[in-house]
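Single-letter residue listing:
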Amino acid sequence: MKTAVKPPGSDTARPTDGARPAHRLPFWVNQQLGLLVLIVVLAAVFGTLRPAFFNERLVLFPLLRDVSTLTVVALAQMVVLSIGHMNLAVGRMAAFGAFFAGFGYDRLGLPLVLGLVLCLVAGAAVGALTGWIIARTGVNSFVVTLAMDFALLGLVPLLYSACTENAAFTTRPAGLAELRSSSLADICLGPVCGSPAVPQVAQFTVLALAGLAFLYYRTRTGRELLLTGANPAAAELSGIPTGRRVVLAHALSGTLAALAGFMAAVGTGTFRASIGDDFMLPSFLGAVLGGTLLTGGAVSVVGALLGTTLVGVIRKGLDLLGVGLESLNIYLGCVLLLALSADRVRTVVSYRKVVRST
Amino acid sequence: MSDVLLECDSIVKVFPGVRALDGVGLTMTAGSVHALLGENGAGKSTLIKVITGVHTPDDGRLLRRGEEIHLRSPLDATRAGIGVVHQERNLIPGFSVAENITLQNPPSRRGLVDRDAMTAPAERCLAELGLDLDPHRPVRELSVAQQQLVEIAKALYTESQVLLLDEPTASLSPQEAEHLFDVVRRLKERGTCVVFVSHKLEEVFAICDTVTVLRDGRSVLESAPLSDYVQDDVVTLMVGRQHSVTDMTPRTVDPTARPALSLSGLNTAAGHRDVSLDIRPGEIVGLYGLVGAGRSELVKAVLGLDRVTGGEIRVDGEPARIRSPREALHTYGIGYLTENRKEEGVFLEQPIVRNITVTVWKKLARFLGDISSRAEKDVAQDLVDRLGIRVSGLAQNAGELSGGNQQKVSLAKWLAAETRLLVVDEPTVGVDVRTKHAFHELIWELARGGLPILLISSDLTEMITLADRVLVMADHRIRGEVPNDHDYDNMSGQIIRIIHDRAHPAAAASNGTP
Ligand SMILES: Nc1ncnc2c1ncn2[C@@H]1O[C@H](COP(=O)(O)OP(=O)(O)OP(=O)(O)O)[C@@H](O)[C@H]1O
Ligand SMILES: [Mg+2]
């Protein structure tokens with residue numbers, strides 16, 4: 001069987017009170033580190049095969065813009081996953097939020113920032129409503145968000161056709177075009193300018209990442225969200241207002257979805273109903289690849305970024321290699337499966353190693 | 001003593017940081033009841049899990065009638081004639097009692113599960129345990145003790161040659177446990193080997209004939225006849241040194257003090273009628289009753305988890321409307337140590353720090369709601385030390401601790417909160433002798449320091465050790481009150497008389513109505 005270890009002098013008395021040494025799994029079992037390595041390796045491979053992969057303006061800039069948006073989408077999913085729920089309406093909430101931004105610019109003549117605020121408020125409101133329904137009725141989040149998805153699927157195009165002629169807002173407030181195309185290269189500190197590969201919309205992603213990292217790793221509310229996800233009954237009995245935490249998580253999810261919708265609209269330049277149509281799968285993919293549990297109670301904020309980046313890099317690389325759309329998805333599936341099983345293998349191997357040294 | 005059914009030979013099981021089993025042997029002979037004893041974390045449950053195919057041993061052999069066997073899954077073990085009741089509940093809440101009992105081998109007709117054929121065997125198993133339960137009720141609606149009995153019935157249904165019972169009596173009252181012992185004795189006559197884990201040594205000495213004692217993953221006594229030992233010897237073997245019980249400093253309660261919590265004529269949606277009780281500062285009030293008497297439900301209603309339909313709750317003399325456990329904790333300073341640690345007590349997949357500090361985050365939070373992890377660790381470490389919780393680090397998940405240590409973690413959270421009233425529901429379920437004594441001292445000292453405590457327990461000895469007076473509950477009503485004179489025979493006689501006076505007419509009445 002396994003390595004049989006008989007400790008030397010096995011008849012000497014061992015400490016009887018909790019004085020056993022702490023054994024932690026080694027650092028390389030870290031899922032995020034694994035993702036990072038995978039991303040770097042894949043980028044190097046693609047770069048070697050197609051040097052154009054490292055073209056800052058034509059390849060990296062759009063890649064990072066997509067990654068920025070999809071990371072926020074993954075974060076929107078991660079927040080609800082943290083309480084053991086899911087949000088099937090991320091895409092439609094993004095469209096809902098984006099509608100209000102477009103409406104603000106077109107009808108109310110709002111400046112760029114106020115439109116964004118309106119968009120976020122709309123997202124938070126629809127998310128909070130969803131959370132409130134779940135908390136009040138106790139119906140599974142899957143069902144409620146699915147219903148919400150259908151409701152918004154009908155509502156958003158109705159709103160657009162009521163307010164616009166050709167189902168899109170095209171009015172662009174001052175600053176929108178710059179936001180769309182500018183990169184760190186446009187921001188200079190004296191003679192040193194940033195990289196033209198990093199789009200300016202990435203600032204929203206960085207803010208969202210920093211905010212959520214603070215929330216989950218440092219604050220009381222973040223911990224309460226996690227415990228609500230880990231065991232709702234025990235959380236309630238430990239004095240956590242679980243109902244309010246559910247509403248909060250969904251409101252946050254709605255806000256982040258709306259932010260992603262805004263970023264997607266900035267990317268294409270128009271506010272239309274089809275924004276967010278393809279958000280749902282990436283939202284789960286990024287979060288789960290990054291190490292967030294579907295069952296609640298554990299999240300990884302950086303993981304959402306890395307997971308999304310991995311998917312983005314693979315897509316872009318295969319695209320450059322001239323792989324057709326269908327085969328691209330097959331390859332993508334294989335690589336993802338590999339990434340997840342590699343993680344499992346690492347955990348098992350290291351577990352054995354720690355066990356052997358005990 | 002020759003017919004050996006199953007034998008463990010120097011079993012080793014290692015978890016990260018812990019050698020849970022380190023060369024343990026166990027011989028299971030037909031027609032015997034084998035006690036498996038040891039302190040919390042000694043490795044009893046781990047051994048049982050190895051025998052039932054839940055864990056694969058890292059070394060050692062498992063012999064069935066002299067032949068080596070390898071169990072790859074719990075199903076393999078069931079097929080090999082090994083039945084088990086694990087320490088933690090493993091029922092499917094949404095399934096009915098009958099479905100749960102027959103789960104491992106549901107009666108079927110032409111490949112389809114036959115629901116009607118389930119009822120009869122389920123009723124037979126329940127009747128053996130003297131349990132009058134509707135087999136069609138979903139398990140979710142049952143109390144902890146009832147679930148425990150259903151779990152035992154489930155093990156009886158498989159009719160195994162070797163039956164392993166991991167703390168089956170932990171949440172049962174003596175009356176219910178007695179039924180179980182009758183069953184165990186019958187099984188023994190039929191030639192079954194029953195392995196019995198318990199921290200209640202009186203029970204062990206009443207029904208067991210062989211004993212194995214584990215300490216820190218090793219056997220310090222292997223398959224020895226129990227009649228050669230007395231309780232004190234066994235305790236010394238488990239603890240590793242002389243264990244002496246010190247008398248507790250006397251405590252006095254001022255009977256004129258204003259009650260910290262007072263219920264008067266309380267009616268609830270769960271069915272309580274006219275419940276009145278007072279708890280004064282520094283007083284330990286015991287609430288005793290049989291399975292299903294409604295003790296935990298009463299507390300949950302008071303904490304706002306169920307509807308109070310009449311009567312009045314006063315906290316420190318002021319009328320109170322408690323809407324949630326959160327309000328109970330933060331506004332009224334009431335803590336509730338739940339009886340059901342797996343479902344309601346600990347967060348199994350979360351680190352110990354969070355499990356302990358959850359009730360004090362509000363106090364620790366700074367301006368932005370952020371919590372210094374240093375402060376958090378200090379609080380947790382302090383309690384881990386105070387209660388002697390056996391952990392390999394504060395970041396360890398609570399689910400990896402032994403049952404007794406999990407219980408300590410769920411108590412630690414309420415001690416951290418420094419509540420003004422503490423409700424403890426079965427505080428020493430699954431806690432070993434030494435720790436139980438430490439728990440009792442702790443509760444006693446808390447009360448001596450002025451903390452009012454409501455003690456719910458099915459352990460009569462515990463009641464008589466701790467409580468100042470014992471309220472007896474049956475059928476959701478308080479049936480009587482017995483001031484504690486610390487004389488076991490007298491007290492148990494009085495309490496049982498109160499229960500039986502009422503239980504009989506009540507049972508007859510409930511049988512009359514469908
Ligand atoms: N899944 C696991 N991962 C890591 N450690 C574990 C795991 N299961 C058990 N242990 C450790 O193994 C040791 C033995 O635990 P076990 O549950 O067998 O104790 P026990 O004798 O049943 O105690 P109790 O009386 O409290 O139930 C403990 O130190 C425990 O922390
Ligand atoms: Mg155990």
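Note that the structure is a prediction, hence the values are computed from the model and not measured. (Residues numbered from 1 in each chain as written. Chains lettered and ligands numbered in written order. Predicted model: local features only at pLDDT ≥ 70, side-chain atom pairs only at ≥ 80, totals over all residues. Heavy atoms only, no water.)

On to the site of ligand 1. As a structural note, the neighbourhood of ligand 1 is formed by 20 residues, with Gly41(B), Lys44(B), Ser45(B), Thr46(B) and Gly404(B) the closest of them. Around ligand 1, the neighbouring residues derive from chains A and B rather than from a single chain. Here an oxygen atom of ligand 1 and a side-chain polar atom of Lys44(B) are 2.7 Å apart. Out of a free accessible area of 640 Å², ligand 1 has 90% covered by protein chains. (Near = heavy atom within 4 Å. Polar contact = N/O pair within 3.5 Å; in protein donor to acceptor, adjacent residues only side chain to side chain. Areas by Shrake-Rupley, 256 points an atom, 1.4 Å probe, with all protein chains shown as cover.)

Residues and elements named next belong to chain B. Splitting chain B by domain gives domain 1 (4-239), domain 2 (259-333 + 419-514) and domain 3 (340-418). The gap between the C-alpha centroids of domain 1 and domain 3 is 30 Å. Across the contact, 9 residues belong to domain 1 and 9 residues belong to domain 3. Roughly 810 Å² is buried in total at the junction of domain 1 and domain 3, and carbon and sulfur atoms are behind 37% of that figure. On the surface where domain 1 and domain 3 come into contact, there are 2 salt bridges. Residue Arg390 pairs with Asp216 through a salt bridge whose shortest N-O separation is 3.0 Å. (Domains from an automatic or database assignment. Contact = heavy atoms within 4.5 Å. Buried area = accessible area lost by both parts, 1.4 Å probe. Salt bridge = Lys/Arg side-chain N within 4 Å of Asp/Glu carboxyl O.)

On to the packing of aromatic side chains. One pass over the structure, following the stated rule, counts 12 aromatic pairs over all chains. Relative to Phe53(A), the ring of Phe46(A) has its centre 5.7 Å away and its plane inclined at 40 degrees; by these criteria the two rings are tilted. Residue Phe46(A) shares its accessibility class with Phe53(A), and that shared class is buried. Above the ring of Trp444(B), the side-chain terminus of Arg251(B) is found at 4.1 Å from the ring centroid. (Phe/Tyr/Trp six-rings, centres within 6.5 Å; stacked < 30°, edge-to-face > 60°. Buried < 20%, exposed > 50% of the residue type's maximum accessible area, 1.4 Å probe, protein only. Lys NZ or Arg CZ within 6 Å of the ring centre and 35° of its normal.)

All names here are of chain B. On the protein side, the magnesium ion (ligand 2) has Ser45 (OG) and Gln87 (OE1) as donor atoms, found 1.9 to 2.1 Å from it. In this pair, Ser45 is assigned in helix α1 (residues 44-51) and Gln87 in the loop between β6 (82-85) and α3 (97-101), connecting sequence segments 42 residues apart. Looking at Gln87, the relative accessible area reads 13%, which means it is buried. (Donors = N, O, S within 2.8 Å, 3.2 Å for Na, K, Ca; no water. Helix = DSSP H or I, 4+ residues; strand = E, 2+ residues; numbered from the N terminus.)

The final tally for this structure, using the stated rule, is 32 salt bridges over all chains. Its salt-bridge partner being Arg220(A), residue Glu224(A) comes within 3.1 Å of it at the nearest N-O pair. Taken together, the positions of Glu224(A) and Arg220(A), both in helix α8 (residues 220-230) and 4 residues apart, correspond to about one turn of that helix. For Arg469(B), the salt bridge is made with Glu283(B), and the minimal N-O distance between the two is 2.8 Å. With a gap of 186 residues between them, Arg469(B) in strand β21 (residues 469-474) and Glu283(B) in the loop between β14 (275-279) and β15 (284-289) connect regions that are remote in the sequence. Residue Arg469(B) is classed as buried on the basis of its relative accessible area, which comes to 14%.

So, on to the packing of helix α4 (residues 115-128) of chain B against helix α5 (residues 144-157) of chain B. All names here are of chain B. Close contact between α4 and α5 brings their axes to 9 Å; oriented N to C, the two are set at 115 degrees. Relative to α5, α4 is oriented so that their crossing is right-handed. Contacts between α4 and α5 involve Pro121, Cys125, Leu126 and Glu128 from the former and Ala153, Leu156 and Tyr157 from the latter. Looking at the contact of α4 with α5 residue by residue, the class counts come to 6 nonpolar, no polar and 1 charged. (Axes fitted to C-alpha atoms, helices over the stretch in contact; angles between N-to-C directions. Left-handed = near helix turned anticlockwise from the far one by under 90°. Nonpolar A, V, L, I, M, F, W, Y, C, P; charged D, E, K, R; others polar.)

Here we take up the sheet that holds strand β19 (residues 421-425) of chain B. Residue and element names in this part refer to chain B. The 6 strands are arranged β18-β19-β20-β15-β21-β22 in an open sheet whose pairing can be described as mixed. For this open sheet the edge positions go to β18 (334-337) and β22 (477-483), each flanked by a neighbour on one side alone. On average, each strand axis in the sheet is inclined to that of its neighbour by 20 degrees, with strand direction left out of account. One ladder, built from 6 bridges, connects β21 with β22; its direction is antiparallel. In the sheet register, Leu471 faces β22, and the bridge partner there is Glu481. Along the sheet, helix α15 (residues 403-417) makes contact with β18 and β19, crossing β18 at roughly 175 degrees. (Pairing = 2+ DSSP bridges.)

This brings us to the confidence of the model for chain B. Residues and elements named next belong to chain B. Averaged over every residue, the pLDDT of chain B is 87; residues scoring 70 or more account for 96%. Confidence, expressed as mean pLDDT per element, reaches its minimum in chain B at helix α18 (residues 488-512) with 68 and its maximum at strand β20 (residues 453-456) with 95. This stretch, residues 505-514, has a pLDDT under 50; its non-local contacts, to residues over four places away or in other chains, come to 3 contacts. For this predicted complex, the interface score ipTM comes out at 0.82, while the overall pTM is 0.84. (pLDDT = per-residue confidence, 0-100.)

Residue and element names in this part refer to chain A. On the surface, a cluster of nonpolar side chains totalling about 570 Å² of accessible area is made up of Leu33, Leu36, Val37, Val40, Val41, Val45 and Leu49. Tracing the backbone through its elements, the reader meets Leu49 in helix α1 (residues 31-49). Of the residues examined, Leu49 reaches a relative accessible area of 48% and is grouped as partly exposed. (Patch = residues over 30% accessible without salt bridge, like charges linked within 9 Å, V, L, I, M, F, W, Y side chains within 5 Å.)

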